Amino acid sequence: MSPQEVVVRGLVSMLADYPDRLVVTALPAVRSRAPGVDVILYDTFGLYLSDGADLQHLVHETDAKVLIFSRDMRPDLRAQAHALGAHAWVSMSVHAGELVRSIELTAAGEPVGVNEDRMSTLAGLSTREVEVLALITQGLSNKEIAEKLVVSVNTLKSHIRQAYRKIDVTTRSQAVSWAITHGFAPPDENSLESGASVAARMVTDSLSTEQSG
């Protein structure tokens, strides 16, 4: 699912090269129940344009697993998607084969390997530290962040201390300022409907490899 047609078309084109491993299909509607779908691809940019209700529907009202794909400079959106229940994420910079493998792992309920985003590499932050900073920037309290990330408050405080040390700040306000300067931002409050949806069914011996756009 992406609100940008160019992204949807690009995904369909990339995945079309692997008809022996998955079947690509377009969901009929944003709030589809996605029957027969194993994995739904969700562009985190949709969270910039909405309140997250569409993603929550996909996570809780369908039987599919949700694999988010995220722009490297918007870790805040990825963190929000995780907090809303997305199963796994992959960077938009991955190659087609890596994306297919990530879809297969997500469908099987297995962890998708660690995807290092550009911000993590530049600042030396771990993926969890990026998520913590993103949620701090969204204005959440330590208790709220700990609940969303399913960690203890003490563990969270350890992540915060490590992140602050790496970005050379000592206060929450300084951390928020650093984060906003480096591309983190709370989602836009304007609510717009998400665009086209891309989903996949895994190919099995009994499943046709016929594709639909």
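Structure shown above.
Residues numbered from 1 in each chain as written. Predicted model: local features only at pLDDT ≥ 70, side-chain atom pairs only at ≥ 80, totals over all residues. Heavy atoms only, no water.

Engineer: In this structure, what is going on with the overall build of the protein? I would like to understand it.
Structural biologist: In terms of helices and strands, the protein carries ten helices and five strands. Among the 213 residues that make up the protein, the fraction classed as buried is 46%. In the protein, the share of contacts with a sequence separation of at least 24, taken over all contacts with a separation of at least 6, comes to 73%. Surface accessibility of the protein: about 10200 Å² in total, with carbon and sulfur atoms responsible for 49%. (Helix = DSSP H or I, 4+ residues; strand = E, 2+ residues; numbered from the N terminus. Buried < 20%, exposed > 50% of the residue type's maximum accessible area, 1.4 Å probe, protein only. Contact = heavy atoms within 4.5 Å. Areas by Shrake-Rupley, 256 points an atom, 1.4 Å probe, with all protein chains shown as cover.)

Engineer: What should I look at first to understand the packing of helix H7 (residues 127-137) against helix H10 (residues 172-181) in this one?
Structural biologist: Two packed helices can be described by the angle between their axes and the distance between those axes. Where H7 meets H10, the closest approach of the two axes is 9 Å, and the angle between their N-to-C directions is 105°. Judged on the interaxial angle alone, H10 and H7 are roughly perpendicular. Together, Leu133, Ile136 and Thr137 of H7 and Arg172, Ala175, Val176, Trp178, Ala179 and Ile180 of H10 make up the contact between the two elements. Per-class residue counts for the contact of H7 with H10 are seven nonpolar, one polar and one charged. (Axes fitted to C-alpha atoms, helices over the stretch in contact; angles between N-to-C directions. Parallel < 35°, antiparallel > 145°, perpendicular 65-115°, else oblique. Nonpolar A, V, L, I, M, F, W, Y, C, P; charged D, E, K, R; others polar.)

Engineer: Whenever I open this one, the packing of H7 against helix H9 (residues 153-167) confuses me. Can you help?
Structural biologist: At their nearest, the axes of H7 and H9 sit 9 Å apart, and the two run at 95° to each other. Considering the angle they form, H7 stands roughly perpendicular to H9. Residues Arg128, Glu129, Val132, Leu133 and Ile136 of H7 pack against Leu156, His159, Ile160, Gln162, Ala163, Tyr164, Lys166 and Ile167 of H9. Here the residues of the contact of H7 with H9 are counted per class, giving eight nonpolar, two polar and three charged.

Engineer: Honestly, helix H5 (residues 96-107) in this entry has me stumped. Any pointers?
Structural biologist: In an α-helix there are 3.6 residues to a turn, and that puts residues three or four apart on one side. Under the 1.5 Å per step criterion, the end-to-end length of H5 is 17 Å for twelve residues, consistent within 8% with the ideal 16 Å. Downstream of H5 by a residue or two, Gly109 has a phi angle that is positive, lying close to 75°. (Expected span 1.5 Å × (residues − 1).)

Engineer: Sorry if this is basic, but what is going on with the pairing of strand E2 (residues 39-43) here?
Structural biologist: Two faces belong to every sheet, and in a regular strand the side chains alternate between them. For E2, the buried fraction is high: five of the five residues fall into the buried class. Here E2 shows two buried faces, one formed by Val39, Leu41 and Asp43 and the other by Ile40 and Tyr42. The pairing of E2 with strand E5 (residues 198-202) spans three bridges and is antiparallel. Bridging from a neighbouring strand, Ile40 pairs with Ala199 of E5. (Pairing = 2+ DSSP bridges.)

Engineer: So what exactly am I meant to see when it comes to the pairing of E5 here?
Structural biologist: With four of five residues buried, E5 lies mostly within the body of the structure. In terms of strand pairing, strand E1 (residues 22-26) meets E5 through five bridges, oriented antiparallel. For Thr25, the partnering residue across the bridge sits in E5 and is Ala199.

Engineer: Got a minute to help me understand the environment of Ala88 in this structure?
Structural biologist: Looking at where Ala88 falls in the secondary structure, it is placed in strand E4 (residues 88-91). Look at Ala88 and you get buried, because its relative accessible area is 10%. Along the sequence, Ala88 and Arg78 sit ten residues apart, while their C-alpha atoms lie 9.7 Å from each other. Not counting residues up to four positions away in its chain, the partners in contact with Ala88 are Val66, Leu67, Ile68, His82, Thr106 and Val112.

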